[in-house]
Amino acid sequence: MGLFLNIGNKNYAEFSQTQYFVDKSELINKLLKKDITEKFVCNSRARRFGKSVTADMLVAYFSKGVDSRSLFEPLKCMKDALFLESMNAYDTIFVDIQVQFKAAQFENEEPVSYISRKIVKELQEDYPDIVSGETALMNAVSEIYHETGSRFVIIFDEWDYPIRELDKGNTDRLSYIEMLRGLFKNNAAKSYIRLAYLTGIMPIVRTKGQSAVNNFMEYTMIKPMDQAKDIGFTEEEVFLLCERFGVDFEQMKEWYNGYNLGGTAMYNPLSVVRAVSAKRFQQYWTVTGTYGDIDDLICKNFDGLREDIIRMLSGNRIPVEVDNGINDLQTFEDKEQVITALIHLGYCAYDEDTQEAYIPNKEIHAVFYKSVKKSKNDGMAQFMKLSEEILEAVMAGDGERTARLIQGVHNDFTSSIEYNDENSLSCIVMIALIAAFSYYHRPIREFPRDFQEEIPWGKGFADIVYMPRANHPNRPVIVVELKWDKSAEAAIAQIRKKQYPESLKDYAGEMLLVGIDYDKKTKEHTCVIERFC
């Protein structure tokens, strides 16, 4: 049992005994059934989404030299004939590319030579009559197959590390791409590969420079296909964990839900597990990465990027073209590529049906809010100050000043928002009140009468409602009603007529009723604010 070849099942066996273990073993059945054209698989997910655990599971299942029957017996995987005959039947090579690149750098060695030499040495120990110390890695696995008929499972965790972190001309990056090409793109690879499984953060980009892996089936945060549920936690799995450990599921949803993978609601496992363990909801996943990722990306100087970030931060969604994405973090050409990268990194979510990006949950929103508030981008910093002024005006009940400041937001965003109906007005108001997130939950649009069944609801829906956070109980609820070519007074009248305050009476003592109208002819906003106790 080596460090790279047939490393065994210890890692996955230990993980499967943890109290927060969630069984994802059905992925094995899917992989086993893939035909000859589909056995090259690249599965990318955001950091801490369960990629490495999945790799450990596959290593435990395929590796020769161990018996994993008792490990997989209680799990969900279907134990059919194909499953049983394939278990522990293949020479399995596992490499954490990021770890080994850094190890090679520590040893002052060229990373690809370092990795190849280590693997070949272990192959030579098992196949001394076939492999010599001078044999190239691609030749070693090919010769073993032709001499013995033994096929290989090759698993690379963090496969994209050199691609996303190193410059295009970097020699280590170029050597790595050549290693991938040698292993996976030669004619013999179709014979000696039983399964090639790559995990990473960023997707494959099918360009000339990365043609080494363009034969891989790809599953991503944007297009997960049939593997949407196999990496990450589903809502049902999170609910069962909350029920088992006595954790509030609704708070769990607010904090960590929001990723939409092929129509399936998915959660970041690290955040869920730590929240369940600590019984406390706060930022977990985001502190394991680098804030530099998001700070550097949102400050890129591309037309419309600032506006799109602020729109998402306010609770709105934005259309995004994801097909022209890149998988390094250096060569962005436009805002679409930046936002696509944010999706793959997990800082934004993507709705494949509507082709829109959005900030998925409270945990990620807090990161964006902090980054924008402290942004080195002068435009973003100025906007946050303007939003704080608007919130102060609302709190003071100053409708005239509120309208005037919202007018400035409107003028600033006309290039990116088509301003012609109440929906666009709603978008502008939410953008204007971004500063409210310091004290309020994310706004509820069209506040429904069935928000909590036990409350005696009034009639109808409010356009936007801001509910104060638990640590700011003295803040008033803000109820916003919008009108188009009518009057702010009409908006206030509608709030009272439909008894919105009655609907909210169990939430707080004081409320601010905010009526806002936009006159299409004069292109001016008016605002009336009333206090309701």
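So, how was this worked out
- Residues numbered from 1 in each chain as written.
- Predicted model: local features only at pLDDT ≥ 70, side-chain atom pairs only at ≥ 80, totals over all residues.
- Heavy atoms only, no water.
- Pairing = 2+ DSSP bridges.
- Helix = DSSP H or I, 4+ residues; strand = E, 2+ residues; numbered from the N terminus.
- Axes fitted to C-alpha atoms, helices over the stretch in contact; angles between N-to-C directions.
- Contact = heavy atoms within 4.5 Å.
- Buried < 20%, exposed > 50% of the residue type's maximum accessible area, 1.4 Å probe, protein only.
- Lys, Arg positive; Asp, Glu negative; His and termini not counted.
- Salt bridge = Lys/Arg side-chain N within 4 Å of Asp/Glu carboxyl O.
- Core = buried A, V, L, I, M, F, W, Y, C linked by side-chain atoms within 4.5 Å.
- Parallel < 35°, antiparallel > 145°, perpendicular 65-115°, else oblique.
- Left-handed = near helix turned anticlockwise from the far one by under 90°.
- Nonpolar A, V, L, I, M, F, W, Y, C, P; charged D, E, K, R; others polar.
- Phe/Tyr/Trp six-rings, centres within 6.5 Å; stacked < 30°, edge-to-face > 60°.
- pLDDT = per-residue confidence, 0-100.
- Polar contact = N/O pair within 3.5 Å; in protein donor to acceptor, adjacent residues only side chain to side chain.

Enquirer: Can you explain the sheet that holds strand β2 (residues 91-96)? Please cite residues and give values.
Expert: Each strand in a sheet pairs with its neighbour through backbone hydrogen bonds, running either in the same direction (parallel) or in the opposite one (antiparallel). Strand order in this open sheet of five strands is β2-β3-β4-β1-β5, and the pairing throughout is parallel. Looking at which strands have only one partner, the edges of the open sheet turn out to be β2 and β5 (217-219). Here the strands of the sheet are splayed against their neighbours by 10° on average, with no regard to which way each runs. Bridge count between strand β1 (residues 40-44) and β5: three bridges; the pairing is parallel. Residue pairing in the sheet places N43 in a bridge with Y219 of β5. Packed on one face of the sheet, helix α10 (residues 171-184) meets β1, β3 (152-157) and β4 (193-200) and runs near 155° to β3.

Enquirer: Before we move on, can you summarise the side chain of R173 with the specific residues and values?
Expert: Locating R173 in the fold gives a position in helix α10. Buried within the structure, R173 lacks any salt-bridge partner; its nearest side chain of opposite charge belongs to D328, at an N-O separation of 4.6 Å.

Enquirer: So what's going on with the sheet that holds strand β10 (residues 349-351)? Which residues, and what values?
Expert: Across the sheet, three strands lie side by side as β9-β11-β10; this open sheet has antiparallel pairing. On the outer flanks of this sheet lie β9 (318-319) and β10, each paired with one strand and no other. Bridge analysis of β9 against strand β11 (residues 356-358) gives two bridges, and the strand direction is antiparallel. Residue P319 lies in a different strand from β11, and its bridge partner there is E356.

Enquirer: Run through the pairing of strand β8 (residues 264-267), naming residues and quoting values.
Expert: Bridge analysis of strand β6 (residues 233-234) against β8 gives two bridges, and the strand direction is antiparallel. Bridging from a neighbouring strand, F233 pairs with Y267 of β8. In terms of strand pairing, strand β7 (residues 259-261) meets β8 through three bridges, oriented antiparallel. Its bridge partner being in β8, N260 is matched across the sheet by A265. Connecting β7 to the next strand, β8, in antiparallel fashion are two residues, including G262 with a positive phi near 60°.

Enquirer: Just give me the short version of the nonpolar core, but keep the residues and values in it.
Expert: Across soluble globular proteins, you tend to see nonpolar side chains buried next to one another. Residues M252, L342, I343 and F368 are the most contacted members of the largest nonpolar core, which totals 98 residues. Not counting chain neighbours up to four residues away, the residues in contact with M252 comprise V238, C242, V247, N257, Y267, V272, A275, V276 and F281. The next biggest cluster of nonpolar side chains, apart from the first, holds 42 residues, and it includes L5, I97, V112 and F156.

Enquirer: How would you explain unusual backbone geometry if you had to name every residue and give the values?
Expert: A positive phi angle is found at E158, which is not glycine, with a value near 55°. Position of E158 among the secondary structure elements: in the loop between β3 and α9 (161-165). Judged by relative accessible area, E158 falls into the buried class, the value being 13%.

Enquirer: I'd like a rundown of the pairing of β3, residues and numbers included.
Expert: By the criterion of burial, β3 is predominantly enclosed, with six of the six residues buried. Here β3 shows a buried face lined by F152, I154 and F156 and a second buried face lined by V153, I155 and D157.

Enquirer: Tell me about the packing of helix α7 (residues 111-126) against helix α8 (residues 137-148), and please be specific about residues and values.
Expert: At a minimum axis separation of 9 Å, α7 and α8 run at an interaxial angle of 25°. Classed by the angle they form, the pair α7 and α8 counts as roughly parallel. In the packing of α7 onto α8, the handedness of the crossing is left-handed. Across the interface between the two elements, S116, I119, V120 and L123 of α7 pack against L137, A140, V141 and I144 of α8. Here the contact of α7 with α8 is composed, by residue class, of seven nonpolar, one polar and no charged.

Enquirer: Residue-level account of the packing of aromatic side chains, with values.
Expert: Counted under the stated rule, the structure contains 23 aromatic pairs. For the ring pair F156 and F184, a centre distance of 6.0 Å and an interplane angle of 65° mean the geometry is edge-to-face. Remark: F184 occurs in helix α10 and F156 occurs in strand β3; sequence separation between them is 28 residues. Here F156 matches F184 in class, with each residue buried. Measuring from ring centre to ring centre gives 5.2 Å for F239 and F249, while their planes differ by 90°; the resulting arrangement is edge-to-face. A residue pair is termed long-range when its members are at least 10 positions apart, and F239 in helix α12 (residues 235-245) and F249 in helix α13 (residues 249-256) qualify at ten residues.

Enquirer: Go over the confidence of the model for the chain with me, naming the residues and quoting the values.
Expert: The predicted model of the chain averages 87 in pLDDT, with 90% of residues at 70 or higher. Every residue in residues 448-460 is under pLDDT 50, and counting partners more than four places away or in other chains gives 31 contacts.

Enquirer: Quick rundown of the side chain of D463? Include the residues and the values.
Expert: Along the chain, the position of D463 falls in strand β13 (residues 462-466). The side chain of D463 sits in the buried core without any salt bridge; K483 is the nearest counter-charge, 6.8 Å away. A polar contact is formed between the side chain of D463 and the backbone nitrogen of L482, at a distance of 2.7 Å.

Enquirer: Describe the pattern of salt bridges, naming the residues involved and giving the relevant values.
Expert: Within the structure shown, the criterion is met by 18 salt bridges. The salt bridge partner of E254 is K362, with a shortest N-O separation of 3.9 Å. Here the residue E254 occupies a position in helix α13, and K362 occupies one in helix α19 (residues 362-373), the gap between them amounting to 108 residues. A residue is classified by how much of its surface remains accessible, and E254, at 31% relative accessible area, is partly exposed. Classification of K362 by relative accessible area gives buried; the value is 14%. When the shortest N-O distance is used, the salt bridge between R401 and E389 registers 3.8 Å.

Enquirer: For the environment of V367, give the residues involved together with the corresponding values.
Expert: Note on placement: V367 falls in helix α19. Overall, V367 belongs to the buried group, its relative accessible area being 1%. In this structure the C-alpha to C-alpha distance between V367 and T234, which are 133 residues apart in sequence, comes to 23 Å.

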